[in-house]
Every structure is written in structure tokens, then in C-alpha cells.
Amino acid sequence: MTALETLTAKDHITTRIHDLFIATDQRDWDKVRGCFTEQVHFDMTSLAGGSPQYLTPRQITDSWQAGFQALEHVHHQAGNLQIALNRNTAEAFCYGIALHYRTTKSGENVRRFVGSYDFSLQREGSNWLISSFRYNVKFVDGNLTLETSP
């Protein structure tokens, strides 16, 4: 790949990852689904336990939509993005912070997630799509029962 092709690919990959987080916060589930390949190696075991799974984009967004239903706001912030490119595949890493907000009587309205993400991406035509998603939790604090708090 030429230097320009490499820069262009990295820009498209960066945009795809940012689109995933922004569309999730906006609850634009169609756009979120468009960020993924048809099957995604999905690993949230550091947060929820269990085992990694292969899920469809619909299964991922249905789960997120249900999980966010009681929340008034969701905010993801990603940074320190690193991308290793291999022509039609790529590995990406970034730090991530997610804030969940819901007004409660106690005033404990926020839950914070701090961790990092590992992504694998595949080039499909001129698009880069996420084929593997792993969240690595460092810590969670704030109102851990936010969805059910009065």
C-alpha cells in the first residue's frame, strides 16, 4: 500500500469506530448495525462474564437497545486510537469511557465505565467493517443500579 492508501484506510477505520460510538449514543441502531460485518466475534466477558460469542449486528443492537431503554443519556468517549493495518484487515485499539445518565431521587444519576476496546476490521469494497469487538473493563463506578434506582 502507498502512504496515501495507508492514511486513507486508517482514516476510514477511525471514522468507522467513531461512528459506532456516536450512533450508539444517538441510539441510531440502523447506523450501528452498518458498522459491523454479518457475524461479529463479540466479547464483553470482562464486564459481564460468560464467553465470547458470534453475534449478528441485529443481536448486538437489540441487546444494547434493551439495556439503554431506562437511561436518559449515554455518552461514549474514545481516545488513544492505534491502528495496525494489513491491506484488507486491521486491528485497532482505543481507550474508552462510557457514561450512563438517569435522573434518580437519590441524586446518584451517573454510572461510569472505564476501559479499552480491541477491534478487528475487514475491508469490504471501499468500506471498513468491524468483525470483532472486545471490551476490556478497568473499572465501573457510580450508581451500579441506575436502571432500577427510584
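Read on for a plain summary of the structure. Given the structure is predicted, the values throughout are model-derived calculations rather than measurements.

Considering the environment of Asp62
Mapped onto the elements of the fold, Asp62 is located in helix α4 (residues 57-68). Classification of Asp62 by relative accessible area gives partly exposed; the value is 38%.

Considerations on the sheet that holds strand β3 (residues 73-86)
On the basis of which strands lie adjacent, the open sheet formed by six strands has the order β2-β1-β6-β5-β4-β3 and mixed pairing. Of all the strands in the sheet, just β2 (53-55) and β3 have a single pairing partner and so form its edges. When the angles between neighbouring strand axes are averaged without regard to direction, this sheet yields 20°. The sheet contact formed by strand β1 (residues 36-43) and β2 spans three bridges and is antiparallel. By the bridge assignment for β2, Phe42 is matched with Gln53. Each of β1, β3, β4 (89-101), β5 (110-124) and β6 (127-142) touches helix α1 (residues 3-26); the most contacted strand, β3, lies at about 160° to it. Along the sheet face, α4 touches β1, β2, β3, β4 and β6 and points at about 60° away from the line of β1.

Some remarks on the pattern of salt bridges
Under the defined criterion, the tally for this structure stands at four salt bridges. The salt bridge involving Arg111 is made with Glu147; its shortest N-O contact spans 2.6 Å. Taken together, the positions of Arg111 in strand β5 and Glu147 in the segment after β6 put the pair 36 residues apart, joining distant regions of the chain. Take Glu147: its relative accessible area is 29%, and that puts it in the partly exposed class.

Points about the side chain of Asp43
Tracing the backbone through its elements, the reader meets Asp43 in strand β1. Buried Asp43, no salt bridge; nearest opposite-charge side chain is Arg134, N-O distance 4.8 Å. What Asp43 contacts, discounting residues up to four positions off in sequence, is Pro52, Phe133, Arg134 and Tyr135.

Comments concerning the layout of surface pockets
By volume, the largest pocket amounts to about 610 Å³. What lines the largest pocket is a set of 31 residues, and nearest its centre among them are Phe42, Met44, Leu47, Trp64 and Phe68. Looking at the lining of the largest pocket, the elements with two or more residues in it are α1, β1, α3 (45-48), β2, α4, β4, β5 and β6. Ranked by residue count, the leading element in the lining of the largest pocket is α4, at six residues. Of the residues in the lining of the largest pocket, the class split is 17 nonpolar, 11 polar and three charged.

Re the packing of aromatic side chains
Counting across every chain of the model gives 11 aromatic pairs. With 5.6 Å between their ring centres and 75° between their planes, Phe119 and Phe133 make a pair best called edge-to-face. Placement of the pair is Phe119 in strand β5 and Phe133 in strand β6, with a sequence separation of 14 residues. The rings of Phe21, Phe42, Trp64, Tyr117, Phe119, Phe133 and Tyr135 are connected pair by pair, giving a single aromatic cluster.

Some thoughts on the side chain of Thr104
Relative to the helices and strands, Thr104 resides in the loop between β4 and β5. Judged by relative accessible area, which is 9%, Thr104 ranks as buried. Within the structure, Thr104 has its side chain in polar contact with the side chain of Ser106 (distance 3.2 Å). Separated by 3.3 Å, the side chain of Thr104 and the backbone oxygen of Glu108 make a polar contact. With sequence-adjacent residues up to four places away left out, Thr104 is seen in contact with Asn109, Asn143, Leu146, Ser149 and Pro150.

What counts, and at which threshold
Residues numbered from 1 in each chain as written. Predicted model: local features only at pLDDT ≥ 70, side-chain atom pairs only at ≥ 80, totals over all residues. Heavy atoms only, no water. Helix = DSSP H or I, 4+ residues; strand = E, 2+ residues; numbered from the N terminus. Buried < 20%, exposed > 50% of the residue type's maximum accessible area, 1.4 Å probe, protein only. Pairing = 2+ DSSP bridges. Axes fitted to C-alpha atoms, helices over the stretch in contact; angles between N-to-C directions. Contact = heavy atoms within 4.5 Å. Salt bridge = Lys/Arg side-chain N within 4 Å of Asp/Glu carboxyl O. Lys, Arg positive; Asp, Glu negative; His and termini not counted. 1 Å grid on protein atoms, 1.4 Å probe; cavity = no way out; pocket = protein on both sides within 12 Å on 5 of 7 lines; lining within 4 Å. Points joined across faces, edges and corners; volume = space filled by probe spheres on them. Nonpolar A, V, L, I, M, F, W, Y, C, P; charged D, E, K, R; others polar. Phe/Tyr/Trp six-rings, centres within 6.5 Å; stacked < 30°, edge-to-face > 60°. Polar contact = N/O pair within 3.5 Å; in protein donor to acceptor, adjacent residues only side chain to side chain.

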